[in-house]
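# An overview of the molecular structure
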Amino acid sequence: MKRIALYISIGVIAFSACKKDFAETNTNPNVVSVPDVYSLFVYSLENMESYQGTEWVWENLEQLLRFSQHLTTDPYELSTNINSRYRVLYNNVLPNLVEIRRQTAMRADADRYRNIRAASYVAQILHALKVTDMNGSMPYSQAIKARTDGEYLPAYDTQQQLFDTWLGELSRAVDSLTMPSTGQYTLGAADIFYNSDWQNWAKLANSLKMRIAVRYERADVNVTKRVFREVMTSAPGVIDADAAQLVYTRPQYNPIGNDIDYRSPRFATSSIMNFLKSTNDPRLGIYFSPNDLVGSFRDTLTKYGATLPAFININDPLVRYQGGPADWTTDPATATWYKTTFDVSANNKYRLMSTINKRFFAPRWGVFSASNGKMMDYMVTAAEGCFYIAEFIQKGYGAGFDTKGTAEDWYKKGVTSSIETMNKIAVAAESGAAYTGDGTALINAYLNNVNVRFNGTNDLERIYIQQYLNFYRLANEAFVFVRRTGYPKNNSTYYKRNAWNEPIPRRYPLDEPPLGTNNANWLKAQQDQGFTPGDRSVPSLSTQRLWFDKNSPDFGQGQ
């Protein structure tokens, strides 16, 4: 950790130096003119994670996970604090990774940096994909060229151009990373994700190709099929095992902290709660906290002649887990209990609703000892890739090549990996684990539950719902999922989406650059996408869709 901290410190200095005027750089001995490659790399990786405290509070918990109905909370407007991802890409991620490639390409031993350059593309696409997911067109091919090419007014690449460019860059990265690595420089502690395990970087690149493939499906399914074939016939394949998962972990990292309840507590929706309970899902206690109906509460109710609200079954063995309406206006009587205790007597007041498991998201919530709780943020999981593969096989996209298993095989592998990973996060956070040991018996029982195992009737929906449950900790991917699929469905008899009255923004507003800068290109990009420039209103944001989202079903209208 000391080495990593040193790399970050040097990286900050190096990044600052990159912004200096060339004349000053060439004359000032206190300015770093040739920044260290390792410092630049770790600085970028750290910044892809460290900014997310803001994102969790203002976006994930307050907006995206509410829109996806993974949780519910008081509705608030889209604050001006959203979209920090955009700023971070251009200020803290891209400049350093582009500089790595520029610096190493000029060296006599440039070939020995081949894999570092390849990994730099994978890293920047990981974050850039999040940016276009909510903003659409953005500068990329001409971005970060002011110093080298004098390009101060970069064009905005369309989302289709971005996807096509990234698929090419990721494919070339996989080709490079899978070549013999003899003589290649490694990043050491500067690679805080994989410690220069190039095969894992290749797996990550393929997993990102799959992320793009699912986004491409509604626009051109043939591209989706082509990318699926490429990934499945690629030797590394996707991230499909724990060792290759992209996880950020630092003992002192606690991005959300006591802001977990900022502006409003977060509660379980009845849709996710009822499904988790009906399947005896091991993730139930990991995702949500029990209410106060514990011990002799039944005797207390009898003593005072009190009756629980009708939405609670007093004989439910999981009575301590309760959810309510995702949109509070659809059932105000039940929604009342989110913030009101059920008062039986002056000394017997019960919270009825389950909140999210706060320490699962913020390990040191309410704890001030540095020795308690460790944050593990899995940015790309094995389960995600497994579910994409299962989905594509189930849709018939796997004909003509080896898919290395059936849709059901990959589905089971995804479910198993999801439960194991969520349990590992809970153990590290000290937030309450589902099991000790390897959990095999518990997971197998879950896989054999009548509402979980394949039944030959609604298998695609089962794949979708498990994919959805796995995105509980990945709000961006959760929101992409509900937009592209229309699941959970309004009329489903398997997993029914909660009623919802509120219009949902399907993208973020991208503010105009400062006057006198790149205004013309910004305006053209907004108009080309069919957006009303500068309009931050929900009617526009909920109807004027991004390119990948134009042919997607409405929320809850999955086919």
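It should be emphasised that the depicted structure is a prediction, and the values quoted were computed from it without experimental measurement.

### Details of the pairing of strand 6 (residues 375-380)
A large share of strand 6 lies buried, amounting to six of its six residues. As paired elements, strand 3 (residues 246-250) and strand 6 share five bridges and run antiparallel to each other. Counted as the bridge partner of Leu246 is Val380 from strand 6.

### What about the nonpolar core?
One finds Trp166, Phe193, Trp201 and Phe288 to be the most contacted residues of the largest nonpolar core, which totals 153 residues. Not counting residues within four places of it along the chain, the set of residues in contact with Trp166 comprises Ile125, Ala128, Leu129, Thr132, Met138, Tyr140 and Ile212. One finds Leu293, Ile312, Val319 and Trp328 within the second-largest nonpolar core, a separate group that totals 16 residues.

### Describing the packing of aromatic side chains
Applying the stated rule across the entire model yields 34 aromatic pairs. An angle of 65° between the planes, with centres 5.5 Å apart, marks the rings of Trp56 and Phe361 as edge-to-face. Note that Trp56 is positioned in helix 4 (residues 52-67) and Phe361 in helix 15 (residues 358-361), a separation of 305 residues in sequence. Just as Trp56 is buried, Phe361 falls in that class too. Residues Phe275 and Tyr494 carry aromatic rings whose centres are separated by 5.2 Å and whose planes lie at 70° to one another, so their mutual orientation is edge-to-face. In this pair, Phe275 sits in helix 11 (residues 270-278) while Tyr494 sits in the loop between helix 20 (475-485) and helix 21 (519-528), placing the two residues 219 residues apart along the sequence. One aromatic cluster is present, built from ring pairs that chain together Phe275, Tyr464, Tyr468, Phe471, Phe481, Tyr487, Tyr494 and Tyr495. Sitting over the ring of Tyr121, Arg101 keeps its end group 3.8 Å from the ring centre. The ring of Phe555 carries Arg506 above its face, with NZ or CZ at 4.4 Å from the centroid.

### Side note on the pattern of salt bridges
Following the criterion strictly, the structure yields 31 salt bridges and no others. A salt bridge links Arg102 to Glu99; the shortest N-O distance between them is 3.0 Å. Taken together, the positions of Arg102 and Glu99, both in helix 5 (residues 84-105) and three residues apart, correspond to about one turn of that helix. For Glu99, a relative accessible area of 5% translates into the label buried. Among the salt bridges present, the one from Arg215 reaches Asp133, with a minimum N-O distance of 2.8 Å. Of this pair, Arg215 sits in helix 9 (residues 198-216) while Asp133 sits in helix 6 (residues 114-135), placing them 82 residues apart in sequence. Residue Asp133 is classed as buried on the basis of its relative accessible area of 0%.

### Thoughts on empty space enclosed by the protein
Going through the model one piece at a time under the given rule, you end up with five cavities of 30 Å³ or more. One number sums up the size of the largest cavity: a volume of about 240 Å³. Gln52, Glu55, Lys130, Met379 and Leu474 are, among the 19 residues lining the largest cavity, the residues nearest its centre. Of all elements in the fold, only helix 4, helix 6, strand 6 and helix 20 reach the threshold of two or more residues within the lining of the largest cavity. A per-element tally of the lining of the largest cavity places helix 4 first, with four residues. Of the residues belonging to the lining of the largest cavity, the class tally is eight nonpolar, four polar and seven charged.

### Structural notes on helix 16 (residues 382-394)
The end-to-end C-alpha separation of helix 16 is 18 Å, in line with the 18 Å expected for 13 residues at 1.5 Å each. Where burial is concerned, most of helix 16 is hidden: twelve out of the 13 residues are buried. Those residues of helix 16 not exposed but buried are Ala382, Ala383, Glu384, Gly385, Cys386, Phe387, Tyr388, Ile389, Ala390, Glu391, Phe392 and Ile393. Tucked inside the fold, the buried residues of helix 16 contact helix 9, helix 10 (221-232), strand 6, helix 17 (407-429), helix 19 (459-470) and helix 20. Gly396 lies just past helix 16 and shows a positive phi near 90°.

### A few points about the side chain of Ser270
Mapped onto the elements of the fold, Ser270 is located in helix 11. Overall, Ser270 belongs to the buried group, its relative accessible area being 18%. What Ser270 contacts, discounting residues up to four positions off in sequence, is Gly323, Gly324 and Asn498.

### Focus on helix 10
Owing to its 3.6 residues per turn, the α-helix aligns residues three or four sequence positions apart on the same side. Spanning twelve residues, helix 10 covers 17 Å between terminal C-alpha atoms, matching the ideal 16 Å at 1.5 Å per step. Every buried residue belonging to helix 10 is among Val223, Thr224, Val227, Phe228, Val231 and Met232, and all of these are buried. Viewed along the axis of helix 10, the buried residues span an arc of 160°, placing them on a single side of the element. Those residues of helix 10 that are buried are in contact with helix 8 (159-177), helix 9, helix 16 and helix 17. Measuring from the backbone nitrogen of Asn222 back to the side-chain oxygen at the start of helix 10 gives 3.1 Å, which picks out Asp220 as the cap.

### Considerations on unusual backbone geometry
The residue after Tyr487, namely Pro488, is reached through a cis peptide bond having omega -5°. One can find Pro488 in the loop between helix 20 and helix 21. In this structure, Ile144 takes a positive phi of about 60° despite not being glycine. Topologically, Ile144 is positioned in the loop between strand 1 (138-139) and helix 7 (146-149). For Lys404, which is not glycine, the phi torsion reads 60° and is therefore positive. Along the chain, Lys404 falls in the loop between helix 16 and helix 17.

### With respect to the confidence of the model for the protein chain
The predicted model of the protein chain has a mean per-residue pLDDT of 93, with 93% of residues at 70 or higher. Ignoring residues within four places in sequence, the model shows residues 1-25, a span with pLDDT below 50, making 38 contacts including any to other chains.

### Observations regarding the packing of helix 5 against helix 6
Closest axis-to-axis distance for the helix 5/helix 6 pair is 10 Å, and the angle between their directions is 160°. For the element pair helix 5 / helix 6, the angle class is roughly antiparallel. Seen along the crossing, helix 5 lies across helix 6 with a hand that is left-handed. For the pair helix 5 and helix 6, contact is made by Arg85, Tyr86, Val88, Leu89, Val93, Leu94, Leu97, Ile100, Arg101, Thr104 and Ala105 and by Ile116, Arg117, Ser120, Tyr121, Ala123, Gln124, His127, Ala128, Lys130, Val131, Met134 and Asn135, respectively.

### A few points about the layout of surface pockets
Empty space within the second largest pocket amounts to approximately 270 Å³. In this structure, the second largest pocket is lined by 16 residues; those nearest its centre are Ser137, Thr158, Ala525, Asp528 and Gln529. Those elements that provide at least two residues to the lining of the second largest pocket are strand 2 (156-157), helix 8 and helix 21. Per-element accounting of the lining of the second largest pocket gives the leading share, four residues, to helix 21. The class makeup of the residues in the lining of the second largest pocket is four nonpolar, eight polar and four charged.

Conventions and cut-offs
- Residues numbered from 1 in each chain as written.
- Predicted model: local features only at pLDDT ≥ 70, side-chain atom pairs only at ≥ 80, totals over all residues.
- Heavy atoms only, no water.
- Buried < 20%, exposed > 50% of the residue type's maximum accessible area, 1.4 Å probe, protein only.
- Helix = DSSP H or I, 4+ residues; strand = E, 2+ residues; numbered from the N terminus.
- Pairing = 2+ DSSP bridges.
- Core = buried A, V, L, I, M, F, W, Y, C linked by side-chain atoms within 4.5 Å.
- Contact = heavy atoms within 4.5 Å.
- Phe/Tyr/Trp six-rings, centres within 6.5 Å; stacked < 30°, edge-to-face > 60°.
- Lys NZ or Arg CZ within 6 Å of the ring centre and 35° of its normal.
- Salt bridge = Lys/Arg side-chain N within 4 Å of Asp/Glu carboxyl O.
- 1 Å grid on protein atoms, 1.4 Å probe; cavity = no way out; pocket = protein on both sides within 12 Å on 5 of 7 lines; lining within 4 Å.
- Points joined across faces, edges and corners; volume = space filled by probe spheres on them.
- Nonpolar A, V, L, I, M, F, W, Y, C, P; charged D, E, K, R; others polar.
- Expected span 1.5 Å × (residues − 1).
- Arc of directions from axis to C-beta.
- Polar contact = N/O pair within 3.5 Å; in protein donor to acceptor, adjacent residues only side chain to side chain.
- pLDDT = per-residue confidence, 0-100.
- Axes fitted to C-alpha atoms, helices over the stretch in contact; angles between N-to-C directions.
- Parallel < 35°, antiparallel > 145°, perpendicular 65-115°, else oblique.
- Left-handed = near helix turned anticlockwise from the far one by under 90°.

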